[in-house]
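# Structure at a glance
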Amino acid sequence: MEGGFDGAGAAEVVAELRESFESGRTRSFEWRVAQLKGIARLIVEKEAEITAALDDDLAKPQIESFISEEHKQEPHCFFTLALTNIYLISMVRESCRFALKELKRWMKPEKVATSVTTFPSSAKVVSEPLGVVLIISAWNYPFLLSIDPVIGAIAAGNAVVLKPSEVAPATSSFLARILPDYVDNSCIRVVEGSIPETTALLDQKFDKILYTGNARVGRIVMTAAAKHLTPVVLELGGKCPVLVDSNVDIKVATRRIVAGKWGCNSGQACIAPDYIITTKSFAPKLVDALKITLEKFYGKDPLESADLSRIVNSNHFKRLMNLLDDEKVSGTIVHGGQRNEKRLRIAPTILLDVPSDSLIMKEEVFGPLLPIVTVDELREGFGLINSKGKPLAAYLFTKDRKLEEKFVKTVSTGGMVINDTILQVTNPRLPFGGVGESGMGSYHGKFSFDAFSHKKAVLSRGFGGDVPMRYPPYTAHKQKILRGLITGNIIAVFLALIGWTRH
Ligand code: NAD
């Protein structure tokens with residue numbers, strides 16, 4: 001942590017970074033590559049420390065940390081992925097590798113066509129860095145959610161302040177301690193802290209803010225940004241639904257649902273399935289299959305399973321217990337429900353036929369509880385999803401192509417996957433971000449580079465071919481020709497030109 005960080009400390013950090021940015025250092029291709037390589041090296045050299053920090057913060061199964069936060073692009077890893085059904089591979093090392101591979105192309109000005117009104121000319125879109133950017137990250141994937149946006153900000157040539165989450169203190173202090181050894185500290189800074197430190201930072205003028213976390217704080221961030229007209233990317237959450245048709249391969253479907261829900265931080269993931277919608281007739285079969293899969297994955301006593309993360313802290317544990325102890329859902333638990341408050345562990349829990357006005361159906365679950373809502377016809381589920389705030393992700397399991405098409409067309413969500421969960425995050429060619437209540441803007445891959453760049457329009461002309469008719473006085477002849485040119489009416493232009501030369 002920067003010693004005694006307050007308003008003055010925040011102003012000082014931002015001023016130093018601004019000076020570095022204005023020196024032009026961050027703009028070169030070489031600087032960007034050196035920083036990205038530094039991060040790639042950090043991941044290799046400090047893998048054990050990263051894993052230990054994540055274990056401290058969340059008791060993450062080691063393989064889950066490795067895959068979802070530090071993933072290395074090696075063939076054996078894909079094998080492991082298949083074995084563990086944990087598919088979050090759009091991860092830090094891969095992000096770095098991808099940015100290093102693509103950076104030259106991303107930085108290249110993009111030539112675009114010109115129009116008759118500017119003839120002769122050339123036109124291009126130039127990506128330029130925004131300046132000093134702020135990244136505020138969340139606790140649930142504390143390494144990934146901190147470093148992944150930093151990669152985009154660096155690739156785009158910005159100076160960066162990173163504020164990791166205080167709710168994952170081991171990862172936060174690891175980043176503050178270690179990152180300066182691997183990147184240019186005059187342009188990239190980690191500031192640790194909670195609300196006071198973040199508030200002090202938010203008082204400063206940044207050129208972009210990327211915030212990951214809940215929508216209540218998202219509103220605070222956006223309000224603070226508005227004072228400086230600072231654009232924001234808000235990576236928020238929401239209730240991610242899973243629609244399950246009765247025609248699915250139930251074994252595969254339940255494996256993928258369980259892996260997406262409990263295999264991701266015990267459900268403490270923004271794109272983890274939040275609730276299931278299925279038909280009344282299919283629900284009992286689905287519940288049975290989920291129970292079998294859960295027992296296969298986590299054994300008869302899941303509270304003792306080393307393959308399940310714990311709940312991050314006692315506040316979140318109490319919040320989850322509150323959802324479970326709501327009298328509106330009493331009698332709906334069909335599986336699990338066991339808890340160990342001292343060890344912050346909750347067994348995978350399924351609730352069937354929860355009422356729509358229960359707390360668990362009103363709030364984002366963000367934990368190992370999975371409510372199931374039943375409907376007569378699966379299509380009713382579309383209306384149910386659209387009646388809530390737009391989710392960050394929505395999933396559909398079906399063999400019905402028409403239903404799939406309708407789902408894609410009808411349901412508004414940050415992203416979606418058909419017949420799997422969470423895999424959208426693994427493809428760096430897909431944007432990752434929300435819509436409506438689940439956020440604004442997106443990142444990952446080129447989208448990260450674009451999120452932290454200004455797209456500057458550059459039109460370039462020589463001195464030849466200057467057409468006098470665009471200048472006043474606007475005679476009737478000039479107007480005819482101009483109108484013809486603008487509307488593309490070549491005959492009118494031709495006739496006007498003939499008339500004009502006759503004069
Ligand atoms: P959190 O408690 O770690 O808070 C996020 C950040 O906000 C932290 O850095 C924290 O210091 C800061 N913060 C908290 N209160 C603040 C305040 N009053 N003023 C200024 N800053 C403040 O994380 P969280 O909010 O519990 O995260 C969980 C939420 O984040 C869930 O809704 C989840 O869906 C969402 N999430 C979204 C994504 C995504 O990529 N879209 C990823 C992870 C989590």
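Residues numbered from 1 in each chain as written. Predicted model: local features only at pLDDT ≥ 70, side-chain atom pairs only at ≥ 80, totals over all residues. Heavy atoms only, no water.

## As for the nonpolar core
The line we're drawing: By convention a nonpolar core is built from buried Ala, Val, Leu, Ile, Met, Phe, Trp, Tyr and Cys residues, the set being connected through side-chain atoms within 4.5 Å. Using a 1.4 Å probe on the protein chains alone, a residue whose accessible area is under 20% of its type maximum counts as buried, one over 50% counts as exposed, and one in between counts as partly exposed. Only DSSP runs of H or I covering at least 4 residues are called helices, and only runs of E covering at least 2 are called strands; the numbering of each starts at the N terminus. Residue contacts are counted whenever heavy atoms from the two residues lie within 4.5 Å of one another.
Within the largest apolar cluster, 108 residues are counted, with the highest numbers of intra-cluster contacts made by Ile 39, Leu 42, Phe 143, Ile 209, Val 244 and Ile 276. With 8 residues, the single largest contributor to this core is helix α7 (residues 144–155). Filtering out sequence-adjacent residues up to four positions away, Ile 209 remains in contact with Leu 134, Ile 136, Leu 202, Val 221, Ala 225, Thr 230, Pro 231, Val 232 and Val 233. Ranked by size, the runner-up nonpolar core spans 28 residues in total, among them Leu 243, Val 354, Val 373 and Val 411.

## Some points on helix α3 (residues 47–58)
Stated precisely, the cut-off is as follows: A helix is expected to reach a length of 1.5 Å times the quantity of its residues less one. Read the arc as the range of directions from the helix axis to the C-beta atoms.
The terminal C-alpha atoms of α3, which comprises 12 residues, lie 16 Å apart, in line with the 16 Å expected from a rise of 1.5 Å per residue. Every buried residue of α3 is listed here: Ile 50, Thr 51, Ala 53, Leu 54, Asp 57 and Leu 58. Down the axis of α3, the buried side of the element spans an arc of 160°, and every buried residue falls inside it. Exposed side chains of α3 directed beyond 90 degrees from the buried face belong to Ala 48 and Asp 56. Directly beyond the C-terminal end of α3, a positive phi value near 50° is found at Ala 59.

## Some points on the site of the ligand
Quick note on the threshold: By convention in this text, a residue qualifies as near a molecule or strand provided that one of its non-hydrogen atoms is within 4 Å of it. Within 3.5 Å is the distance limit for a polar contact, defined as a pair of N or O atoms, with the added protein rule that one can donate a hydrogen and the other accept it, and that residues adjacent in sequence qualify only through two side-chain atoms. Here a cavity is any set of points on a 1 Å grid over the protein atoms alone where a 1.4 Å probe fits but cannot get out, and a pocket is any open set with protein on both sides within 12 Å along at least 5 of 7 lines; a residue lines the site when it has an atom within 4 Å of a point. Molecule-in-pocket calls rest on the fraction of atoms, with more than half required to lie within 2 Å of the cavity or pocket grid points. In this classification, the charged set is Asp, Glu, Lys and Arg, the nonpolar set is Ala, Val, Leu, Ile, Met, Phe, Trp, Tyr, Cys and Pro, and all remaining amino acids, among them Gly, are polar.
Close contacts around the ligand come from 27 residues, with Ser 165, Glu 166, Asn 214, Leu 236 and Glu 364 the closest. Contact between the ligand and Glu 166: an oxygen atom at 2.6 Å from a side-chain N or O atom of the residue. Asn 214 is positioned such that a nitrogen or oxygen atom in its side chain is 2.6 Å from an oxygen atom of the ligand. Among the detected pockets, the ligand sits in the largest pocket. Mapped by element, the contributors of at least two residues to the shell around the ligand are α9 (195–202), β6 (208–212) and α10 (215–227). Looking at the shell around the ligand residue by residue, the class counts come to 15 nonpolar, 8 polar and 4 charged.

## Here we look at the domain arrangement of the protein chain
Accessible area lost on assembly of the parts is the figure often given for the size of an interface. The line we're drawing: Reported domain spans reflect what an automatic or database domain assignment gives.
Domain parsing of the protein chain yields domain 1 (2–110 + 129–235 + 444–448), domain 2 (241–428) and domain 3 (469–502). Centre-to-centre, using C-alpha coordinates, domain 2 lies 66 Å away from domain 3.

## A few points about the sheet that holds strand β18 (residues 453–460)
Note the following rule: Whether two strands pair comes down to DSSP finding at least two bridges between them. The axes are straight lines fitted to the C-alpha atoms, using for helices just the contacting stretch, and the angles between their N-to-C directions are given from 0 to 180°.
The 3 strands lie next to each other as β1-β2-β18, forming an open sheet whose pairing is antiparallel. The sheet terminates laterally at β1 (110–112) and β18, the two strands that pair on one side only. Adjacent strand axes in the sheet meet at a mean angle of 30°, parallel and antiparallel pairs treated alike. The pairing of strand β2 (residues 122–129) with β18 spans 8 bridges and is classified as antiparallel. Within β18, the position partnered with Ser 127 by the bridge is Lys 455.

## Side note on the pattern of salt bridges
Basically, it comes down to this: Every case where a carboxyl oxygen of Asp or Glu lies within 4 Å of a side-chain nitrogen of Lys or Arg is listed as a salt bridge.
For the structure on display, the rule yields 22 salt bridges. With a shortest N-O distance of 2.9 Å, Glu 94 and Arg 97 are connected by a salt bridge. Of this pair, Glu 94 and Arg 97 both sit in helix α6 (residues 92–107), 3 residues apart, which is roughly one turn of the helix. Overall, the relative accessible area of 37% leaves Arg 97 in the partly exposed class.

## Observations regarding the packing of aromatic side chains
To be explicit about the condition: Any pair of Phe, Tyr and Trp rings, taking the six-membered ring for Trp, is counted once the centres come within 6.5 Å. Such a pair is stacked with planes under 30 degrees apart, edge-to-face with planes over 60 apart, and tilted for the rest.
Under the defined criterion, the tally for this structure stands at 7 aromatic pairs. Between the aromatic rings of Trp 106 and Phe 449, the centroid separation amounts to 5.7 Å while the plane-to-plane angle is 45°, which identifies the pairing as tilted. Taken together, the residues span a long stretch of sequence, with Trp 106 in helix α6 and Phe 449 in helix α17 (residues 445–451) at a distance of 343 residues. Aromatic pair Phe 297 and Tyr 298: ring centres 5.9 Å apart, planes at 85°, arrangement edge-to-face. Classification of Phe 297 by relative accessible area gives partly exposed; the value is 25%. Assessed through its relative accessible area of 8%, Tyr 298 is described here as buried.

## Thoughts on a nonpolar patch on the surface
Here is the rule: To count toward a patch, a residue needs a relative accessible area above 30% and no salt bridge. Like charges then connect within 9 Å, nonpolar side chains (Val, Leu, Ile, Met, Phe, Trp, Tyr) within 5 Å. Areas reported as accessible are Shrake-Rupley estimates using a 1.4 Å probe. Residue values count occlusion only from the protein chains shown.
On the surface, a nonpolar cluster with roughly 350 Å² of combined accessible area is contributed by Ile 491, Phe 494 and Leu 495. Look at Leu 495 and you get exposed, because its relative accessible area is 53%.

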